[in-house]
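Below are the chains, spelled out letter by letter.
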Amino acid sequence: MSGMYDVVIIGGGMSGMMAAIALADMSRKVAVVSRGDPVCCLSTGCIDVLAAGNDPLEGIGSLPDNHPYHLVGEDAVKTSLEMFKAVMLEEGGAYVGDVHANRKILTPLGRHKATCLVPGTMEFADSHSDEYIHVISFSKMKDFYPNYITSNYKNAGCSIFDAGISTTMGIAERFENRQFLEEFISWLKGLDIPEGRIAIPAVLGMHFAVDVCNEISVELGRKVFEIPTLPPSMPGLRLFGGLKNALLKRGVNLYWGKEIYSVEKSGSQIEAVTLAGAGRSTRVQGNAFILATGSFVSGGLHASMDAAIETVFDLPVYLPGKRESWFNDDFFALGHAIERSGICVDQFFRPVDTQTENLFVCGSILAFSEVMKYSCGHGMAIATGVAAANVCGELV
Ligand SMILES: Cc1cc2nc3c(=O)[nH]c(=O)nc-3n(C[C@H](O)[C@H](O)[C@H](O)COP(=O)(O)OP(=O)(O)OC[C@H]3O[C@@H](n4cnc5c(N)ncnc54)[C@H](O)[C@@H]3O)c2cc1C
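Predicted model, so just to flag it, every value in this text is computed and none were measured. (Residues numbered from 1 in each chain as written. Predicted model: local features only at pLDDT ≥ 70, side-chain atom pairs only at ≥ 80, totals over all residues.)

Undergrad: Hey, could you run me through the overall build of the protein in this one?
TA: In terms of helices and strands, the protein carries 11 helices and 17 strands. Here the C-alpha atoms of the protein give a radius of gyration of 22 Å, agreeing with the 21 Å that 2.2 N^0.38 yields for 396 residues. Considering only C-alpha atoms, the protein reaches an extent of 75 × 45 × 40 Å along its principal axes. Here the protein holds 396 residues, and 48% of them are scored as buried. Intrachain contacts of the protein at a sequence separation of at least 6 include 68% that bridge at least 24 residues. (Helix = DSSP H or I, 4+ residues; strand = E, 2+ residues; numbered from the N terminus. Rg over C-alpha atoms; globule rule 2.2 N^0.38 Å. Buried ≥ 20, exposed ≤ 12 C-beta atoms within 10 Å, placed from the backbone. Contact = placed C-beta atoms within 7 Å.)

If you want it as structure tokens, here you go:
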């Protein structure tokens, strides 16, 4: 089995999927090869662009010169985020928020997290501590403890509903059922909830969560919002599902659950990758390749005692010194040096020191991205994915 494409993207995370959408919209024939599901499935589903300050785009100017956002440029970051919003709207998972404004949403610990774009179900999660919040939880629900919120948030109360199941995904599945939703709403109406907002862990279904959230809101006459949960995260899975659907609609070929077994190179050109499979292998040829395999979490990078390797093309990896300098003594401090490691690229997103002309790199595998320190995870992945696709699209 084999396939020939204009562009082969390796890695199906936020950066790879957004690159694929951008290229397909330029009428390029695209394939995405991914070993597994991406980190966005574990995320809150919210798009962090840059946490510091009120305007994340304005904050880009204060980042170190080598941060990948500078390669993209403020205007192009903005355009890519607008493009992301348009794609998710098309997929029925509309995002809300202004790309020029951070908002602070309620976390399961009753704290606030700065983020930029949020799923429609979290539109009203930008709460103010002087307003009453009534938290709804579910009997024996795993990894969601409303007491954390009620003890940290000065003006909050809580009620527990018995959904007959305790897992996040199990409860979310129940919310896809009309009768269950009506029972839940009628139970809520029977409670004597003080004036304020209603907060529910992010379990309001997989496919129609915004509709479910709106229906509860209309029936109760209150603002209702979801609180992100620990993985498995329904908003993260909805985000992944929406983007994957957008790829399929655009005719992007997906090779999912596939490992790269070997790479074929001729001079300065990558020509094909071979995917390992049960029994037979698949050769995927491309005029250009985009590497979007993520950082250590997804296996795009792998660290040993004093070194790190890039796992597909064996590209040179930037490391911040010897292992003893990779981490701060305070584990919870923002900004461990190891976060700066990754692939250094030129202004065209091509890896430096490799003499490879048709390979581009995007997403969290890029050196100096420091995703945790700056809280720029999905935002940086979207912006660099679209930017690398634009450069690559001009080449093929
Ligand atoms: C637990 C957690 C929660 C987070 N929450 C948030 C959040 O709420 N908001 C936010 O903005 N950011 C969040 N982030 C950061 C954000 O998720 C990432 O920075 C961003 O999504 C990375 O996208 P990516 O495309 O670079 O890579 P990834 O999402 O890591 O995707 C890489 C893909 O490449 C595939 N791959 C790896 N190696 C190979 C190979 N050899 N062959 C083929 N495929 C391969 C992987 O299977 C994976 O699908 C979170 C991160 C973590 C770890």
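Undergrad: Looking at this model, I keep getting lost on the packing of helix α1 (residues 14-25) against helix α11 (residues 377-395). Mind explaining?
TA: Two quantities define a packed helix pair, namely the angle between the helix axes and the distance between the axes. In the contact formed by α1 and α11, the axes pass within 7 Å of each other and the chain directions differ by 40 degrees. When the interaxial angle is binned, α1 and α11 end up oblique. The element α1 and its partner α11 pack so that their crossing is right-handed. Along its contact with α1, which presents M14, S15, G16, M18, A19, A22 and L23, the element α11 presents H378, A381, I382, T384, G385, V386, A388, A389, N390 and G393. The class makeup of the residues in the contact of α1 with α11 is 10 nonpolar, seven polar and no charged. (Axes fitted to C-alpha atoms, helices over the stretch in contact; angles between N-to-C directions. Parallel < 35°, antiparallel > 145°, perpendicular 65-115°, else oblique. Left-handed = near helix turned anticlockwise from the far one by under 90°. Nonpolar A, V, L, I, M, F, W, Y, C, P; charged D, E, K, R; others polar.)

Undergrad: It is not clear to me how the domain arrangement of the protein should be interpreted in this structure. Could you clarify?
TA: For interface size, the figure often reported is the accessible area lost on association. The domain architecture assigned to the protein consists of domain 1 (2-94 + 237-395) and domain 2 (125-222). Averaged C-alpha coordinates put domain 1 and domain 2 at centres separated by 35 Å. (Domains from an automatic or database assignment.)

Undergrad: I'm lost on unusual backbone geometry in this one. Help?
TA: With glycine set apart, most residues show a phi of negative sign, and most peptide bonds adopt trans. In this structure, the amide linkage connecting P231 to the following residue, P232, adopts the cis form with an omega of 0 degrees. With respect to the helices, strands and loops of the structure, P232 is situated in the loop between β10 (224-227) and α9 (234-249). A positive phi angle, near 45 degrees, is found at E370, a position not held by glycine. Examined against the element boundaries, E370 turns out to sit in the loop between β17 (359-361) and α10 (371-374). At S375, a residue that is not glycine, the phi angle is positive and equals roughly 50 degrees.

Undergrad: What's the story with the sheet that holds β10 in this structure? I'm lost.
TA: In any sheet, the strands associate via hydrogen bonds between backbone groups, in a parallel or an antiparallel arrangement. If you walk across this open sheet you meet the four strands as β8-β7-β9-β10, and the pairing is parallel. Each having just a single partner strand, β8 (156-161) and β10 make up the two edges of the open sheet. Averaged over all neighbouring strand pairs, the angle between strand axes comes to 30 degrees, with direction disregarded. (Pairing = 2+ DSSP bridges.)

Undergrad: Can you walk me through the nonpolar core in this structure?
TA: The nonpolar side chains of soluble globular proteins are, as a tendency, buried together. A19, A20 and I290 are the most contacted members of the largest nonpolar core, which totals 121 residues. Each of domain 1 (2-94 + 237-395) and domain 2 (125-222) gives at least three residues to this core. (Core = buried A, V, L, I, M, F, W, Y, C linked by C-beta atoms within 7 Å.)

Undergrad: How should the environment of V297 be read in this particular structure?
TA: For V297, the location among the structural elements is in the loop between β14 (282-291) and β15 (301-303). The partly exposed category is assigned to V297, around which 13 C-beta atoms lie within 10 Å. When the C-alpha positions of V297 and V39 are compared, they lie 7.7 Å apart, and in sequence the two are 258 residues distant.

Undergrad: I tried to follow the site of the ligand on my own but got confused; where do I start?
TA: Close to the ligand lie 38 residues, the nearest being G11, G13, G294, G363 and G377. Put simply, the parts of the chain that give the shell around the ligand at least two residues each are α1, β2 (30-34), β12 (259-266) and α11. (Near = placed C-beta within 6 Å.)

Undergrad: It is not clear to me how the packing of helix α7 (residues 178-190) against helix α8 (residues 209-220) should be interpreted in this structure. Could you clarify?
TA: Interhelical geometry of α7 versus α8 gives an angle of 35 degrees and a closest axis separation of 10 Å. The interaxial crossing formed by α7 with α8 has right-handed handedness. Residues L181, I185, L188 and K189 of α7 pack against V212, I216, E219 and L220 of α8. Across the contact of α7 with α8, the residue classes tally to six nonpolar, no polar and two charged.

Undergrad: Would you mind showing me how to read the pairing of β12 here?
TA: For a regular strand, side chains alternate in direction, first toward one face of the sheet and then toward the other. In this structure, β12 lies alongside strand β13 (residues 269-276), joined through seven bridges in antiparallel fashion. Its bridge partner lying in β13, E259 is registered against A276. Remark: two residues form the turn of the hairpin made by β12 and β13, two consecutive strands paired antiparallel; G267 in that turn has positive phi of roughly 60 degrees.

Undergrad: Explain α8 here, please?
TA: Counting along an α-helix, one turn takes 3.6 residues, and residues three or four places apart therefore face a common direction. Here α8 is 12 residues long and its end C-alpha atoms lie 16 Å apart, about the 16 Å a rise of 1.5 Å per residue gives. Looking at α8, one finds that the buried residues are A209, V210, V212, C213 and I216. Angular distribution of buried residues about the axis of α8 spans 165 degrees; they occupy a single face of the element. Along its buried surface, α8 packs onto α7, β10 and α9. Two residues or fewer past α8, G221 is found with a positive phi of approximately 65 degrees. (Expected span 1.5 Å × (residues − 1). Arc of directions from axis to C-beta.)

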